[in-house]
There are 4 protein chains.
Amino acid sequence: VIDILLGPLFGRGAVAEMLTDESWLRALVQVEAAHARARGLRALADAILAAEIDLDQLGPDTARTASPLVPIVRTLREQAGPDVHVGATSQDIVDTAVALVLTRALQCVLIDARACADVAAGLAGEHRDAPIMGRTLLQHALPTSFGLRAARWMSGLDDACDWLDQVRSTDLVVDMGGPIGHAEPEIATAVAADLGLGDPGLAWHGIRLRPVRVASALGGMCGILGKIARDVTLLAQQEIAEVAEGDPARGGSSSIAQKNNPVASITVLMCTRRVPALISTMFAAMEQEHERGAGSWQVEWATITELVRLTGSAAAWARDMLEHLKVNLARMAELAGTDPDLGSSATLIERALAAHSAPRSLTPR
Amino acid sequence: VIDILLGPLFGRGAVAEMLTDESWLRALVQVEAAHARARGLRALADAILAAEIDLDQLGPDTARTASPLVPIVRTLREQAGPDVHVGATSQDIVDTAVALVLTRALQCVLIDARACADVAAGLAGEHRDAPIMGRTLLQHALPTSFGLRAARWMSGLDDACDWLDQVRSTDLVVDMGGPIGHAEPEIATAVAADLGLGDPGLAWHGIRLRPVRVASALGGMCGILGKIARDVTLLAQQEIAEVAEGDPARGGSSSIAQKNNPVASITVLMCTRRVPALISTMFAAMEQEHERGAGSWQVEWATITELVRLTGSAAAWARDMLEHLKVNLARMAELAGTDPDLGSSATLIERALAAHSAPRSLTPR
Amino acid sequence: VIDILLGPLFGRGAVAEMLTDESWLRALVQVEAAHARARGLRALADAILAAEIDLDQLGPDTARTASPLVPIVRTLREQAGPDVHVGATSQDIVDTAVALVLTRALQCVLIDARACADVAAGLAGEHRDAPIMGRTLLQHALPTSFGLRAARWMSGLDDACDWLDQVRSTDLVVDMGGPIGHAEPEIATAVAADLGLGDPGLAWHGIRLRPVRVASALGGMCGILGKIARDVTLLAQQEIAEVAEGDPARGGSSSIAQKNNPVASITVLMCTRRVPALISTMFAAMEQEHERGAGSWQVEWATITELVRLTGSAAAWARDMLEHLKVNLARMAELAGTDPDLGSSATLIERALAAHSAPRSLTPR
Amino acid sequence: VIDILLGPLFGRGAVAEMLTDESWLRALVQVEAAHARARGLRALADAILAAEIDLDQLGPDTARTASPLVPIVRTLREQAGPDVHVGATSQDIVDTAVALVLTRALQCVLIDARACADVAAGLAGEHRDAPIMGRTLLQHALPTSFGLRAARWMSGLDDACDWLDQVRSTDLVVDMGGPIGHAEPEIATAVAADLGLGDPGLAWHGIRLRPVRVASALGGMCGILGKIARDVTLLAQQEIAEVAEGDPARGGSSSIAQKNNPVASITVLMCTRRVPALISTMFAAMEQEHERGAGSWQVEWATITELVRLTGSAAAWARDMLEHLKVNLARMAELAGTDPDLGSSATLIERALAAHSAPRSLTPR
């Protein structure tokens, strides 16, 4: 909702395009096709992929069954035959489609976030000896180096990326238990291999650790991005003026001519501040009844989509902000005072940069 | 996002249609027109209302300024002249448009919620002597009457409606302080009179009690709707079978032929369980800096829209569920046992129905 | 937990003392006594009030029944006779005790919050013509008056106080439905009159609008207090230095000699930032099953206690902060620039002060 | 607060005892001692450990500085000499003490949670062929085996334990950056080795990934425990009666003689439902300013303590519940109907039990 007016703020970047209704529909159909192949029905799979589904026709059946899968399956059966979906249940297809969509979407988030870390690494290396007043509790504390501040941003981003990459590799798995969760496990294994997803062992219809692990990692990323954006908005106050957002096409106001708002960092904060509450929704949704909860997986589906979208937008905005950041070394030096003691800054930066550059064990998927 | 696939669940009913991008754009333009009229510029107002704005062209400027208002104002100025928006600021227009949209949207929510209360009143009156086993901590406690249960639903709905009606009347006001909040108050007064909204006295750019009051009342409504839906899902369990959802076109499964899921009450829960976290986002957004916060009003805007949409959908689904509810009095009597003591049920129901029927002090807006 | 180490931060002021185990025990006993009197058993009531209960002996029975009321009732029966609690249920006593404790506690919060508003009114009146740079999105916008900023603080506090006062008067009512909610209403009426609380009409064991209304008003208060504290921490940054916290005994650091941290406003933020999430817990707890939920009233009880405690502490700290605030008019004027246009500031302040001084319809309780 | 009355519910078990003020004080002092030893001052460390600190004397200084560390350091310096804490800052000591306390506390949680998993494994093995009606959306779906339900509980618990064990090993690290975060890293390394904690590389005063990772894992554990408890409360409804809580000393009511409430599972839900919101507070607290946030680490400290306490209590109650669970196989079979098809249940259980029994890579700490 308010997708167009607020889309540039909350849904920037490649991630949002992966989360449209069309993308979701495509993923759901791909999972149905993979399920057909897993049952040895290659022709059925091809017919499923060739089917034409009109998104706007699905509504009434969705309303009748509280599941968008029911009309999709009906349409697929009309076009591809009655064997579609046999042995599967709605949640199988949705949970697996979520894994499929997120595999791609998290990759996008990671590209922007790793780029942020690289820019921060550049700032850390370049400014390792640049004094800046350190501030605690929003008050001057003691001088330190701007490079160390940037190194902390970088290190936080690296850790957040690694976390997200980890859940991407371990928690995006198929769910293929059939109506009651005891379908033969070979089907799940085959679907997983087909789609390049993990194989969970047991269906997880009512055991919802995986979605909250993904949500948590997204929240960690947003927390770091929000921290950096908060720093930039504070350092860009006119009275401090140690940094400024540098994109010259940005920052105008509807009413005040000379304003140059730090638009990118503010938009990062718009996104990241909506995230903590959504994470709590994911955790609360874990209390699901019996073999499948009464409505909570739809809650998860809508919520994780919003979480990924906001995180992707925050990462895209943060990358833009960092890539154009203007650093005012003279002002930093002025506020840091004479003869600042930079402590072990240089050593700490050196070590942090080495950790940043070390080859990461990339996850294959 | 996922508007089409999940729209029938999370965005049912007339409310959702009032919250589209088109509706928001119309409201924003209406506020700009009212602002022109308040300045005595009737021709400008007419030109504003006649302007044609292409939603899909707004994105780039929104991204440049972190505000969808800037491109709207630019377009209006191109078509209606440079006096558009003079003396106002983005947040003036947005806050006032939110009040305008919500005035209409809350009315819709109230229609469905009051209808729910009326159905519950009917159940209370009809079944005042129908015994049912009372249950506490999900265990049998003592018998009581089903009419009293329904009277409690009714009473909760009445109170939730009154709360929502109250904030509709007191908290949907214009915000017209100009760039820094000290514009002449006569403009705000005139815009308020023009749009049929309240006049706040002071601009409230950074003082955000009103949005959280609306959010709280929406949360109260969802809490009551969710409680009723929870009751119905529990009473509809096959082993209990004291009620069932009665719409014969509903409830099918993608995999199990004979299933009759209580689709409407489950969908109410889907909606209501997403609400508490969104309320916390609204309260957290109150910590806004100086004369206007760095991004939090966009957070509010997106969040209150989602809150109203979910509440409207929950109310529409609950109305549908209650209007088709099938009550199995024989099964209730069987589980309640012989010679049940209904205590003061009849008296309590009588009083509650009298309170329900008493004329409410309707708010004029 | 961590009551002693962190108590001065999160549990400052008179409110915290009203929320101890001893206070709760006393309130629970008072409600049992009022319930006895409502049944015409005055001697029993006296015996109940004279009973001695050892808090440390209650634990095992609480664990056996998931209710601290069971051991309290057992002890009271041992000392005052078997008629104690007859016709009541645990939740009756707890809900009514919550109303009783909160009636007193909210009064305390209001005293500190109204004092804050008065200080802000003083600042508004004194500095109505004092220029200050207005700031939006953490950037300089246009000059305005410091008095208007203070008037907004005042107005927000007034509204938050009125909201809290309103729920205090309408939502703190007895709950006396007996085991299954259909006890004779005369008992509730009598207990309400005895304790000076409201009479709800119907028992509200499973209909939880009242607790969330109180929680929302507490959240509104914290939102305003947090906004003011945020402003002060920002204005107190050395580079801005327009205000400072003035208590000379405060602000030291464990490691940096010259530091003067704005301790009071930071502590306000510590308190207020814990509040939004607790509010969501209250709303989520509304989904209670049947005649009484499986555990959610204990969730509410613990959570509302924490909410009141944090709000009381925030109000006490904010009062202290405002009463000692040092205002640097020269610095404000310097940053505001020459010939600042204060717009309608003086008029707006005048009107706001008049509204502040108007007699409020005081609630009697 | 309300520690005594509600302690048996929200603070059961060994974990709560590790989170008292006394425990926290001891941990803080141990960290100061380790910091002294890291500087080669063994005699100072011994004097620190021998110091006597009166918790009740700390309040006034805590209020003056918004930090309980300041009075502790003052007292230690009085008794052990002026070298105490030199080179450290309050947050160094607190963050490291949190890691120290949690190392022990999470171990306790894990003991109870692993015991829960073992009981569930026993149920899975014993009842692998026991039919039970599978239920989705709170309606009968198809029969399955009770053993598979138990295997899912077990598998969810195993995964939640592994997650908690992982963050215990990777995220409980020292924080020793000194006042501004650039102290020499050798000190941190030495303190880490001394206390058996991890060494973070960079101080993380303002980069708060670690606390949210711990909070998320605690939330995952509570989500699984809450799911199991929800299942038990539903299966224990009299109309279903497939399981019952078996501790004969439990379950009484204050008003209804024959009641046998499923007290343990209800208390698990009391605890777990308070957790999601607290997690959102942790994530929101990540937006910390500059080198150290204005108050947010105290927010984290209070919140993580409550999170661990609630998780520990939930685990202790769940263990108790599972160890005494009475399973009614005859009733399960009756509701499952004749000739139930258990699908691949036996195979799935077998595999899950094998995974449960496989040696886990234990973390050494």
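Check the entry above for the structure.
This is a predicted model, so every value here is computed, not measured.

Asker: Just checking my understanding: could you explain the overall build of chain A for this structure?
Answerer: When helices and strands are counted, chain A shows 15 helices and four strands. In terms of overall dimensions, chain A has a C-alpha envelope of 80 × 45 × 35 Å along the principal axes. Per-residue burial over chain A gives 70% buried out of 365 residues. The long-range share in chain A, meaning contacts at least 24 apart out of those at least 6 apart in sequence, stands at 79%. On chain A, roughly 10,500 Å² of surface is accessible, and the fraction owed to carbon and sulfur atoms is 52%. If the 32 positive side-chain charges of chain A are averaged to one point and the 44 negative ones to another, these points end up 3 Å apart.

Asker: Looking at this model, I keep getting lost on the interface of chain A and chain D. Mind explaining?
Answerer: A common way to state how big an interface is: give the accessible area lost once the parts meet. On the chain D side, the residues contacting the 74 residues of chain A number 74 residues. Both sides of the chain A and chain D interface together cover about 6,000 Å² of buried area, and 66% of this is carbon and sulfur. A per-residue breakdown of the area chain A buries against chain D is headed by Arg 152, His 182 and His 290 of chain A, which together make up 14% of the total. Seen at the junction of chain A and chain D, the total is eight salt bridges. In this structure, Arg 230 of chain D engages Glu 287 of chain A in a salt bridge whose closest nitrogen and oxygen atoms are separated by 3.7 Å.

Asker: What is the right way to look at unusual backbone geometry in this model?
Answerer: Here His 290 of chain B, not a glycine, exhibits a phi torsion of approximately 50°, which is positive. In this structure, His 290 of chain B sits in the loop between α12 (275–284) and α13 (296–323).

Asker: Can you walk me through the relation of the copies chain C and chain B in this structure?
Answerer: Relating one copy of the chain to the other takes a rotation about an axis and a shift parallel to that axis. For the pair chain C and chain B, the relating rotation is 180°, the translation along its axis is 0.0 Å, and the fit reaches an RMSD of 0.0 Å. Such a turn and shift between the copies fits a two-fold axis. Closest approach to the rotation axis within chain C is made by the C-alpha atom of Ser 280 of chain C, at a distance of 2.8 Å. Comparing contact sets, 100% of the residues at the interface of chain C also lie at the interface in chain B, consistent with an isologous, same-surface contact.

Asker: Mind showing me how you'd approach the state of the cysteines here?
Answerer: Such a bond, covalent and formed between the sulfur atoms of two cysteines, is termed a disulfide. Taken as a whole and assessed by the stated rule, the structure comprises zero disulfides over all chains. The thiol of Cys 271 of chain C is unpaired, and the distance to the nearest cysteine sulfur, on Cys 222 of chain C, comes to 7.6 Å.

Asker: Looking at this structure, I do not really get the pairing of strand β2 (residues 139–145) of chain A. What am I missing?
Answerer: Consecutive side chains along a regular strand alternate between the two faces of the sheet. Residue and element names in this part refer to chain A. Across the seven residues of β2, six count as buried, placing the element largely inside the fold. Strand direction decides the pairing type here: strand β1 (residues 131–136) and β2, joined by five bridges, are antiparallel. Across the sheet, residue Met 133 finds its bridge partner in β2, namely Pro 143. Linking two consecutive strands that pair antiparallel, namely β1 and β2, is a turn of two residues; a positive phi of about 55° is found at Leu 137 within it.

Asker: Looking at this model, I keep getting lost on the nonpolar core. Mind explaining?
Answerer: The tendency in soluble globular proteins is for nonpolar side chains to be buried side by side. One finds Ile 304 of chain A, Ile 304 of chain B, Ile 304 of chain C together with Ile 304 of chain D to be the most contacted residues of the largest nonpolar core, which totals 536 residues. Excluding its chain neighbours within four sequence positions, the residues that come into contact with Ile 304 of chain C are Val 98, Leu 102, Pro 211, Val 214, Ala 215, Leu 218 and Met 282 of chain C.

Asker: Explain helix α10 (residues 209–235) of chain C to me, please; I cannot follow it from the model alone.
Answerer: In an α-helix, one turn spans 3.6 residues, which is why side chains three or four residues apart end up on the same side. In a regular helix each residue adds 1.5 Å, so 27 residues correspond to 39 Å; α10 of chain C covers 39 Å between its end C-alpha atoms and thus fits that length. Burial analysis of α10 of chain C places 27 of its 27 residues in the buried class, the great majority of the element.

Asker: Even after reading the chapter, I still don't get the packing of aromatic side chains, so can you show me in this structure?
Answerer: Geometrically, a pair of aromatic rings is defined through the distance of the ring centres and the angle of the planes. Under the defined criterion, the tally for this structure stands at eight aromatic pairs over all chains. Consider the rings of Trp 24 of chain A and Trp 301 of chain A, whose centres lie 5.6 Å apart with planes at 75°: the pair is edge-to-face. Of this pair, Trp 24 of chain A sits in helix α3 (residues 21–38) while Trp 301 of chain A sits in helix α13 (residues 296–323); the two residues are 277 residues apart in sequence, bridging distant segments of the chain. Note on accessibility: Trp 24 of chain A and Trp 301 of chain A belong to one class, buried. Of note, Arg 12 of chain B hangs over the ring of Trp 317 of chain B, and the distance from its end group to the ring centre comes to 4.6 Å.

Parameters and conventions
Residues numbered from 1 in each chain as written. Chains lettered and ligands numbered in written order. Predicted model: local features only at pLDDT ≥ 70, side-chain atom pairs only at ≥ 80, totals over all residues. Heavy atoms only, no water. Helix = DSSP H or I, 4+ residues; strand = E, 2+ residues; numbered from the N terminus. Buried < 20%, exposed > 50% of the residue type's maximum accessible area, 1.4 Å probe, protein only. Contact = heavy atoms within 4.5 Å. Areas by Shrake-Rupley, 256 points an atom, 1.4 Å probe, with all protein chains shown as cover. Lys, Arg positive; Asp, Glu negative; His and termini not counted. Charge placed at Lys NZ, Arg CZ, Asp CG, Glu CD. Buried area = accessible area lost by both parts, 1.4 Å probe. Salt bridge = Lys/Arg side-chain N within 4 Å of Asp/Glu carboxyl O. Least-squares fit on C-alpha atoms with pLDDT ≥ 70 in both. Disulfide = S-S within 2.5 Å. Pairing = 2+ DSSP bridges. Core = buried A, V, L, I, M, F, W, Y, C linked by side-chain atoms within 4.5 Å. Expected span 1.5 Å × (residues − 1). Phe/Tyr/Trp six-rings, centres within 6.5 Å; stacked < 30°, edge-to-face > 60°. Lys NZ or Arg CZ within 6 Å of the ring centre and 35° of its normal.

Take it as geometry only, folks, not as evidence of what the structure does.
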